[in-house]
Amino acid sequence: MTTPALLPLSGRRIPTLSPGANSFPHHRATLRLSEKFILLLILSAFITLCFGAFFFLPDNSKHKRFDLGLEDVLIPHIEAPKGAKHPGGQVVIHGQGGHDEHRHREEEESLRDKIRADHERALQEAKEKLKKSREELRAEIQTEKSRVVEDLKKKEGPKPLPPVPMPKVVGVNDGDPGEPEVKEKRDKIREMMKHAWDSYRQYGWGHNELKPLAKKGHSTNIFGNSQMGATIVDALDSLYIMGLRDEFKDGQEWIEQNLDFSVNAEVSVFEVNIRFIGGLLAAYYLSGQEVFKVKAVQLAEKLLPAFNTPTGIPWAMVNLKSSILAEFGTLHMEFVHLTYLTGNPAYYQKVMHIRKLLAKMDRPNGLYPNYLNPRTGRWGQHHTSVGGLGDSFYEYLLKAWLMSDKTDTEARKTYDDAIEAIERHLIRKSNGGLTFIGEWKNGHLERKMGHLTCFAGGMFALGADGSPDDKAGHYLQLGAEIKQTLKHESYDRISVSLADNNTPLTELQRERRYKS
């Protein structure tokens, strides 16, 4: 059996044999191509090795090695400065000159001693760590982590806020009224406030709310089920105005030591803004204490991502499909003041973007529906109310105009246009002559008025000054009629004279039943 050829015929020499002669192996005169290739590779490798050795091996005349194992790598060899000379004028070459070489040896010996000492210390620390229990090691690790976090907080602390002039606040001095009847009422209100505060202090301190019957604290989900002391923050301005300074100081100390916004939870942008940012800013303007301003800014920075929507309308809460008019429309005053206090225009720009977007949108019958999708920029259900879901939007338009010393004419015009549409489509009189504000749903008026709507009486009276077409008297009268409806239906007909948010307006309820 013949072996298959590895090369073509043209690449082989075939020996010839003389017929009849003894056959001896024929010695080839030349090498095969594969053998030539192998020899060429060996020769190339040898040349490369010689070339590398010539150019890359260290020059012993320039480098001095110490037989010190690893230390030879760690200890740099110290060269004398270029051109340095002995006093005699000779150039100092490394390794020459007794004094210079002795000094270098001392430095190198010092480095070796330091390496040995560090090595021994590391070994000793490792032995001590191995003797400790797992719990002790975990405690040490946690302590070290906490120390690092504290150091980072000190280094990366909040930037100091720019100094700004404090506006003059009126009506906060603890003076006595001239009329004895007014003083008696004021003292009673202060007594009720102190009773409520002391009960909260005893049973619910630090919680968002107090359950008065169960006598225990409660943290509502609008603040992410976190103990953020909502009652403390929300009550600060009232405590200060009423002259309850000891109670105010207790609240301030709790805020300084415990109010922390680093919570991993969903919170209501609206509630956090009006109760926390609004409460902190009010406390700052009343007392001048810097801690309230700093806390307000820290919290506002955490609310800014809520505006990262395609339309710029903020989410009401994380993962909700729509935002509510009273919520995204009730940010203006606090955010304008944040820009004033910090010098950061982002807060002002966010709320002004909301106003400009709403001005461009079509409004059914000139009314603002309560729901707006922040992703598509379209109204949701066509439901308009001046009570819950819509109330403070209109209130903030009017107050933004007043807060600007009546220079924010855009806010005033938006308010006037909205009130005109409300009066045309929502305000009616019952058969008994009570003025009420109904709710508009999908093109039809619902003849009912929730208790939250009753604030509108004061709003109409507050906005009377500056109303167009000399309607100041008209709006003062309208406000008084709304308050009369509130008094008649929510207070006079209830034995304890305390109205619930959902107290039905009796006459209007009867009227609806009669019409149905």
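Residues numbered from 1 in each chain as written. Predicted model: local features only at pLDDT ≥ 70, side-chain atom pairs only at ≥ 80, totals over all residues. Heavy atoms only, no water.

A. Spatial organisation of the environment of S404. Summarising the element assignment, S404 is placed in the loop between α13 (391-403) and α14 (409-425). On the basis of relative accessible area, S404 is assigned to the partly exposed category, the value being 22%. Separated by 71 residues in sequence, S404 and M333 place their C-alpha atoms 9.7 Å apart. Here W401 takes part through its backbone oxygen, which lies 2.8 Å from a polar atom of the side chain of S404. (Helix = DSSP H or I, 4+ residues; strand = E, 2+ residues; numbered from the N terminus. Buried < 20%, exposed > 50% of the residue type's maximum accessible area, 1.4 Å probe, protein only. Polar contact = N/O pair within 3.5 Å; in protein donor to acceptor, adjacent residues only side chain to side chain.)

B. Examining helix α8 (residues 269-287) more closely. For α8, with 19 residues, the first-to-last C-alpha span of 26 Å sits near the 27 Å given by 1.5 Å per residue. Of all bends in α8, the biggest is about 25 degrees, found at G278. Within α8, 16 of the 19 residues are buried, leaving the element largely enclosed by the surrounding structure. Two residues or fewer after α8 comes G288, characterised by a positive phi angle close to 75 degrees. (Expected span 1.5 Å × (residues − 1). Bend = angle between axes of the 7 residues up to and from the residue.)

C. Highlighting the pattern of salt bridges. Counting across every chain of the model gives 21 salt bridges. Across the salt bridge formed by D113 and R116, the nearest N and O atoms sit 3.1 Å from each other. Residue D113 and its partner R116 are both found in helix α3 (residues 98-131); the two are separated by three residues, about one turn of the helix. For D113, a relative accessible area of 39% puts it in the partly exposed group. Looking at R116, the relative accessible area reads 40%, which means it is partly exposed. (Salt bridge = Lys/Arg side-chain N within 4 Å of Asp/Glu carboxyl O.)

D. Main features of the nonpolar core. In terms of nonpolar packing, the biggest core is built from 83 residues, with I437 and F460 touching the most fellow members. For this core, the element with the highest residue contribution is α8, accounting for ten residues. Excluding anything up to four places from it in sequence, F460 contacts Y415, I419, I427, I437, Y475, L478, G479 and I482. (Core = buried A, V, L, I, M, F, W, Y, C linked by side-chain atoms within 4.5 Å. Contact = heavy atoms within 4.5 Å.)

E. Representation of the side chain of R412. Mapped onto the elements of the fold, R412 is located in helix α14. The residues touching R412, leaving out its near neighbours within four places in the chain, are L398, W401, G463, D465, G466, S467 and P468.

F. Representation of the sheet that holds strand β8 (residues 439-441). Taken together, three strands build an open sheet; the order of strands is β5-β8-β9 and the sheet is antiparallel. Whereas interior strands pair on both sides, the edge strands pair on one side only; in this sheet they are β5 (383-384) and β9 (444-446). Bridge count for β5 against β8 is two bridges, and the pairing is antiparallel. Each residue of the ladder has a partner; that of H383, found in β8, is K441. (Pairing = 2+ DSSP bridges.)

G. Main features of the packing of aromatic side chains. Summed over all chains, the structure comprises twelve aromatic pairs. Here F248 and F292 contribute two aromatic rings whose centre-to-centre distance is 5.8 Å and whose plane-to-plane angle is 65 degrees, an arrangement assigned as edge-to-face. Taken together, the residues F248 in helix α7 (residues 245-258) and F292 in helix α9 (residues 290-303) connect sequence positions 44 residues apart. Taken as a pair, F248 and F292 share a single burial class, namely buried. Ring centres of F307 and F335 lie 5.7 Å apart, and the angle between their planes is 50 degrees; this geometry places the pair in the tilted category. Placement of F307 in the loop between α9 and β3 (323-324) and of F335 in helix α11 (residues 332-342) is noted, with a sequence separation of 28 residues between them. Just as F307 is buried, F335 falls in that class too. A connected cluster of aromatic rings, assembled from ring pairs, spans Y368, W379, F393 and Y394. The aromatic ring of Y240 is capped on one face by R245, whose charged end is 3.9 Å from the ring centroid. Of note, R412 hangs over the ring of W401, and the distance from its end group to the ring centre comes to 4.5 Å. (Phe/Tyr/Trp six-rings, centres within 6.5 Å; stacked < 30°, edge-to-face > 60°. Lys NZ or Arg CZ within 6 Å of the ring centre and 35° of its normal.)

H. Spatial organisation of the packing of helix α6 (residues 230-241) against α7. Contact pair α6 / α7: the axes reach a minimum separation of 9 Å and the direction vectors enclose 150 degrees. Put simply, α6 runs roughly antiparallel to α7. The two elements α6 and α7 cross, and the hand of that crossing is left-handed. Taken together, the residues of α7 that come into contact with α6 (itself represented by I232, V233, L236, L239 and Y240) are R245, E247, F248, G251, Q252, W254 and I255. Within the contact of α6 with α7, the residues separate by chemical class into eight nonpolar, two polar and two charged. (Axes fitted to C-alpha atoms, helices over the stretch in contact; angles between N-to-C directions. Parallel < 35°, antiparallel > 145°, perpendicular 65-115°, else oblique. Left-handed = near helix turned anticlockwise from the far one by under 90°. Nonpolar A, V, L, I, M, F, W, Y, C, P; charged D, E, K, R; others polar.)

I. Seen up close, the confidence of the model for the protein. The share of residues in the protein with pLDDT of 70 or more is 72%, and the mean pLDDT across the chain is 76. Per-element confidence in the protein ranges from a low mean pLDDT of 40 for helix α2 (residues 71-74) to a high of 94 for α7. Considering only residues more than four positions removed or in separate chains, one finds that residues 60-96, a stretch of pLDDT under 50, has 37 contacts. Across residues 512-516 the pLDDT falls below 50, and counting only partners more than four positions away or on other chains, this stretch makes three contacts in the model. (pLDDT = per-residue confidence, 0-100.)

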